[in-house]
Amino acid sequence: MHTPYIVTISSEKGGVGKTTLATNLAIYLKALHEDLPVTLFSFDNHFSVDRMFRIGKGKPRGDVSGLFRGTLPEALAETGEYGVQFIASSEHLHQLRRDIDDPALLARTLAASELGGIVIIDTRPDLDIFTQNALYTADRVIVPVKDAPSLENCRHIYEFFDDHKLSRRPLRVLPCLVDARIHFDGPFRDPYQLLKAYAINRGYRCLEGYIAKSPKVESLNTNPEGKIYPVLTHGRHTDVHVQLAHIARQVYLDTLEQDRRRLDEIRLGQSREEEHRQSAFLDRRAALAPGCLVCARPLVSGERVEAAGYFAQCSDQRIAGFIEEECFAGLAFRHFYGAKRTVEPGDPLWDLFRESAQRSYFVLRRAPHTRNFYQQQISFYRFDEEGLEVSHKTIELQEFERRLLGKERSDIFPLLERTLFGADGKLTDAFLLVRKVSVDLPEEILFDEHYTRFTAILAKISTQLR
């Protein structure tokens, strides 16, 4: 797999030449090395990338929003003008904003792809979640600045890198749209030298050179055909042509000098995370009780977990294990729902309970303020999926105490004995949290994403039950 070199063009200020730089850089890189794969996409919705590179009027294979839904870029990219691959822009990308809060989402998608060469990402004039994703995955970030306000905005990009513990080495400031007609008295003779001095004074590193303001280049965006023409073909006699060629050469040389790419770091991090998740899963499974917490029928052996209806764990983490569906439902009906008859699978009441259990967490605990063993009460709670209490029932333990202590113990006794009774035979302050699990894959509850959710709900319920 050839890891691509990611170049992100970013600035919070609009009108600094981001898209002009991104699109022309792609073309100049391709001209510099014809066999070099160059891929370009934009998170802005002005469709400049599409207007410059689309061949004909065919329907796009997809658009950039697919990258945030896990679609690999090679399934979205199409070959455009000048041999540059591009991914179509999206006017609806903003609709995903409320669903994304992870700045590494794009990096994971690109890390799983087979793209090579250089990938150029054009961003919006906003440090939104899409720009953050583009920054997080970059080997080189070029920040175009044209004046003091746009240079001042650079600090937000640097703060993003610091907040996410990323090295600042990829960041480079590039003065753009510099008006060469303006001259100053003193040590800084023109806007380029002044902006570069300001950047260095703030601790920012700059690319060599700048991009000049050019009426000729600006005119390439407006014509009767509705296309956008590149500087390489329509502005060869401008200073910008030489400047862009110089910038492209710097970027290309960077790709040759940098052996370790950002996506390599992402892949290594993913591999380590997967190892950690697998290790944590195996530790959780090894700590499980081998049998059903009610009837003790073997459920966990080696790498195999038999079909089970529920997962249960004590709030003090003394014990965790599975409970067969018939065992838990039977206890709930007999002791807490006051069933006057035997309820078995296929019964409408059974189906109703099973359906509600899919959206519930159950808690079994000593009722508050009942510390005398012979006056104990057991409380049974049902919480919704957000950990909010739905119902609460309490039964007297005393009414079947003789059976608990005698030869004919109640069928709830094994569960209480294993989870809620301490070494002294008294109920502890811990509670048992019970959750319905997949019959086909009960151990799924032990996977990181599910177990994290389970423990978060356990903590939330624990706070409410104090």
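(A) The nonpolar core, seen in detail. Ranked by size, the top nonpolar core spans 57 residues in total, and within it Phe311, Phe322, Ile323, Leu364 and Ile461 carry the most contacts. Here Leu364 is in contact with Phe336, Ile378, Ser379, Phe380, Leu415, Leu416, Leu420, Phe431 and Leu432, once residues within four sequence places are set aside. Core analysis: the second largest hydrophobic core is formed by 44 residues, Leu115, Ile129, Phe161 and Ala199 among them.

(B) Focus on the environment of Tyr381. Relative to the helices and strands, Tyr381 resides in strand E13 (residues 377-383). The contact partners of Tyr381, leaving out residues within four places of it in the chain, are Tyr361, Phe362, Val363, Arg365, Pro368, Glu389, Ser391, His392 and Leu465.

(C) Seen up close, the pairing of strand E2 (residues 38-42). Where burial is concerned, most of E2 is hidden: five out of the five residues are buried. Burial of E2 is two-sided: the residues Val38, Leu40 and Ser42 facing one way and the residues Thr39 and Phe41 facing the other way are all buried. The pairing of E2 with strand E5 (residues 118-122) spans five bridges and is parallel. Looking across to E5, one finds that Val38 is bridged to Ile118. Two elements, E2 and strand E4 (residues 85-86), share two bridges in a ladder whose sense is parallel. Bridge assignment links Thr39 to a residue of E4, and that residue is Gln85.

(D) Main features of the packing of aromatic side chains. The final tally for this structure, using the stated rule, is 22 aromatic pairs. Ring geometry for Phe353 against Phe362: centres 5.6 Å apart, planes inclined by 25 degrees, an arrangement best described as stacked. Take Phe362: its relative accessible area is 0%, and that puts it in the buried class. Here the aromatic residues Tyr310, Phe328, Phe333, Phe336, Phe353, Phe362 and Phe380 are joined through ring pairs into a cluster of three or more. Stacked on the ring of Tyr361, the Lys or Arg Arg435 has its end atom at 4.3 Å from the ring centre. For the cation-ring pair, Lys436 lies above Tyr310, with the distance from its terminal atom to the ring centre recorded as 5.4 Å.

(E) Quick look at the sheet that holds strand E1 (residues 5-9). Ordered by their spatial adjacency, seven strands build an open sheet running E3-E4-E2-E5-E1-E6-E7, and the pairing between neighbours is mixed. The sheet terminates laterally at strand E3 (78-79) and strand E7 (171-175), the two strands that pair on one side only. In the sheet, E1 pairs with strand E6 (residues 140-145) via three bridges, with the strands oriented parallel. By the bridge assignment, Ile9 is partnered in E6 with Ile142. Contacts from helix H1 (residues 18-32) reach E1, E2, E5, E6 and E7 within the one sheet, and its direction differs from that of E5 by about 165 degrees.

(F) The arrangement of the environment of Leu388 in detail. Among the secondary structure elements, Leu388 is positioned in the loop between E13 and strand E14 (389-396). On the accessibility criterion, Leu388 (43% relative accessible area) is partly exposed. Separated by 28 residues in sequence, Leu388 and Ser360 place their C-alpha atoms 9.6 Å apart.

(G) Highlighting the packing of helix H12 (residues 325-336) against helix H13 (residues 348-357). Contact geometry for H12 and H13: axes closest at 11 Å, N-to-C directions at 105 degrees. The angle between H12 and H13 places the two elements in the roughly perpendicular class. Contacts from Glu325, Glu326, Phe328, Ala329, Ala332 and Phe333 in H12 reach Leu349, Trp350, Phe353 and Arg354 in H13. For the contact of H12 with H13, a count of residues per class yields seven nonpolar, no polar and three charged.

(H) Local environment of the pairing of strand E15 (residues 431-436). Burial runs high along E15: six of the six residues are buried. In E15, alternate side chains face the same way, and those of Phe431, Leu433 and Arg435 on one face and Leu432, Val434 and Lys436 on the other are all buried. With five bridges joining them, strand E10 (residues 310-314) and E15 adopt antiparallel strand pairing. In the sheet register, Tyr310 faces E15, and the bridge partner there is Lys436.

(I) Up close: helix H11 (residues 262-286). Here H11 contains 25 residues, and its C-alpha end-to-end distance of 36 Å stays within 8% of the 36 Å for a straight helix at 1.5 Å per residue. Among all positions in H11, only Arg262, Leu263, Ile266, Arg267, Ala280, Phe281, Arg284 and Arg285 are buried. For H11, the secondary structure elements touched by its buried residues are E1, helix H3 (105-111), helix H4 (129-136), strand E9 (304-305) and helix H16 (448-464).

(J) How the structure looks around the pattern of salt bridges. Summed over the entire model, instances satisfying the criterion amount to 25 salt bridges. A salt bridge links Arg97 to Asp128; its shortest N-O distance comes to 3.5 Å. Of the two residues, Arg97 sits in the loop between E4 and H3 while Asp128 sits in the loop between E5 and H4, which places them 31 residues apart along the sequence. A residue is classified by how much of its surface remains accessible, and Arg97, at 33% relative accessible area, is partly exposed. Overall, the relative accessible area of 6% leaves Asp128 in the buried class. A salt bridge links Glu324 to Arg297; the shortest N-O distance between them is 2.8 Å. One end of the pair, Glu324, is in the loop between strand E11 (320-323) and H12; the other, Arg297, is in the loop between H11 and strand E8 (300-301), with 27 residues separating them in the sequence. Glu324 gets classed as buried once you look at its relative accessible area, which sits at 14%.

Reading the values: the criteria
- Residues numbered from 1 in each chain as written.
- Predicted model: local features only at pLDDT ≥ 70, side-chain atom pairs only at ≥ 80, totals over all residues.
- Heavy atoms only, no water.
- Core = buried A, V, L, I, M, F, W, Y, C linked by side-chain atoms within 4.5 Å.
- Buried < 20%, exposed > 50% of the residue type's maximum accessible area, 1.4 Å probe, protein only.
- Contact = heavy atoms within 4.5 Å.
- Helix = DSSP H or I, 4+ residues; strand = E, 2+ residues; numbered from the N terminus.
- Pairing = 2+ DSSP bridges.
- Phe/Tyr/Trp six-rings, centres within 6.5 Å; stacked < 30°, edge-to-face > 60°.
- Lys NZ or Arg CZ within 6 Å of the ring centre and 35° of its normal.
- Axes fitted to C-alpha atoms, helices over the stretch in contact; angles between N-to-C directions.
- Parallel < 35°, antiparallel > 145°, perpendicular 65-115°, else oblique.
- Nonpolar A, V, L, I, M, F, W, Y, C, P; charged D, E, K, R; others polar.
- Expected span 1.5 Å × (residues − 1).
- Salt bridge = Lys/Arg side-chain N within 4 Å of Asp/Glu carboxyl O.

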